[in-house]
Amino acid sequence: MDKKSRDRKVDRDLKRIREELYGKDELTLVPRDNRVRAMQEIAVRQGQPKFRRDLLKVYGNKCAITGCEVIKVLDACHINPYSGRDSDRVDNGLILRGDLHTLFDAKLLAIDTSDWSLILSDHLLTSTYYDELSGRTLRLPTDPITRPNVKALNRHRQLTGL
């Protein structure tokens with residue numbers, strides 16, 4: 001599969017996942033949720049640049065799952081959801097490619113902390129693109145103090161049901 005076909009496949013997979021999470025027409029949420037959503041996005045952005053810079057540094061400017069080095073597509077992902085500046089600790093974050101961040105937040109993937117391997121939902125295992133990530137070992141920062149919090153990752157995994 002060439003790069004262009006693979007990119008289209010990723011786009012289709014993400015669209016399908018968003019439709020499952022939010023419905024086919026996200027605009028149906030506008031009347032009630034736009035204000036709340038906007039406030040959440042503003043709250044998340046406070047402190048986000050420093051959090052992202054810190055995570056990029058400890059992960060060597062690479063996605064913790066794929067090793068992708070395209071900095072513009074790498075997101076600072078909170079393990080425990082953002083709840084103020086105290087949430088922006090390096091041990092509460094991962095640097096993930098944008099699509100993987102979406103899947104992490106959607107609880108479609110988790111980390112097995114016994115061996116730091118990636119666990120995918122059954123839905124993703126049927127994907128010809130994401131299935132290759134199943135069992136992949138998470139790239140960890142070299143300094144143990146900056147590694148992801150095991151309790152937080154276990155809690156996230158419990159919430160996913162994986």
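Description of the structure in this document. This structure is a prediction, so every number in the text was calculated from the model and none was measured.

1. Here's the deal with the packing of aromatic side chains
Here is step 1 of the chain: Overall, the coordinates contain one aromatic pair when judged by the stated rule.
Here is step 2 of the chain: A centroid spacing of 4.9 Å and a plane angle of 85 degrees characterise the contact between tyrosine 129 and tyrosine 130, whose relative ring orientation is edge-to-face. Pair check on accessibility: tyrosine 129 and tyrosine 130 agree, each one buried.

2. Focus: the environment of leucine 140
Here is step 1 of the chain: Among the structural elements, leucine 140 can be located in the loop between α5 (122-125) and α6 (150-160).
Here is step 2 of the chain: The sequence separation of leucine 140 and leucine 94 amounts to 46 residues, and the corresponding C-alpha distance is 9.2 Å.
Here is step 3 of the chain: When residues no more than four places from it in sequence are discounted, the contact partners of leucine 140 are Tyr59, Trp116, Arg147 and Pro148.

3. Let's talk about the pairing of strand β1 (residues 74-78)
Along any regular strand, the residues point their side chains to alternate faces of the sheet.
Here is step 1 of the chain: Most of β1 is tucked away: four of the five residues are buried.
Here is step 2 of the chain: Here five bridges tie β1 to strand β2 (residues 93-97), and the two strands are oriented antiparallel to one another. Within the sheet, the bridge partner assigned to leucine 74 lies in β2 and is arginine 97.

4. A short note on helix α4 (residues 98-105)
Here is step 1 of the chain: The element α4 is largely enclosed, with a buried count of six among its eight residues.
Here is step 2 of the chain: Looking at α4, one finds that the buried residues are Gly98, Asp99, Leu100, His101, Leu103 and Phe104.
Here is step 3 of the chain: Lysine 107 lies just past α4 and shows a positive phi near 60 degrees.

5. Concerning the side chain of aspartate 112
Here is step 1 of the chain: As for its placement among the helices and strands, aspartate 112 is situated in strand β3 (residues 109-112).
Here is step 2 of the chain: The exposure class assigned to aspartate 112 is buried, which follows from its relative accessible area of 17%.
Here is step 3 of the chain: Engagement of the side chain of aspartate 112 in a polar contact is seen with the side chain of serine 114, the distance being 2.7 Å.
Here is step 4 of the chain: Those residues in contact with aspartate 112 that lie beyond four places of it in its chain are Ser117, Ile119 and Arg157.

6. Re the environment of leucine 96
Here is step 1 of the chain: By the element assignment, leucine 96 lies in strand β2.
Here is step 2 of the chain: Here leucine 96 falls in the buried class, since its relative accessible area comes to 0%.
Here is step 3 of the chain: Setting aside residues up to four positions removed in sequence, leucine 96 forms contacts with Cys63, Ala64, Ile65, Val73, Leu74, Asp75, Cys77, His101 and Phe104.

7. Thoughts on the pattern of salt bridges
Here is step 1 of the chain: A complete count under the given rule lists four salt bridges for this structure.
Here is step 2 of the chain: Across the pair aspartate 91 and arginine 89 runs a salt bridge, and its minimum N-O distance is 3.0 Å.
Here is step 3 of the chain: In this structure, arginine 157 engages aspartate 112 in a salt bridge whose closest nitrogen and oxygen atoms are separated by 3.6 Å. Of this pair, arginine 157 sits in helix α6 while aspartate 112 sits in strand β3; the two residues are 45 residues apart in sequence, bridging distant segments of the chain.
Here is step 4 of the chain: Relative accessible area serves as the criterion here: at 25%, arginine 157 is assigned to the partly exposed category.

Analysis parameters
Residues numbered from 1 in each chain as written. Predicted model: local features only at pLDDT ≥ 70, side-chain atom pairs only at ≥ 80, totals over all residues. Heavy atoms only, no water. Phe/Tyr/Trp six-rings, centres within 6.5 Å; stacked < 30°, edge-to-face > 60°. Buried < 20%, exposed > 50% of the residue type's maximum accessible area, 1.4 Å probe, protein only. Helix = DSSP H or I, 4+ residues; strand = E, 2+ residues; numbered from the N terminus. Contact = heavy atoms within 4.5 Å. Pairing = 2+ DSSP bridges. Polar contact = N/O pair within 3.5 Å; in protein donor to acceptor, adjacent residues only side chain to side chain. Salt bridge = Lys/Arg side-chain N within 4 Å of Asp/Glu carboxyl O.

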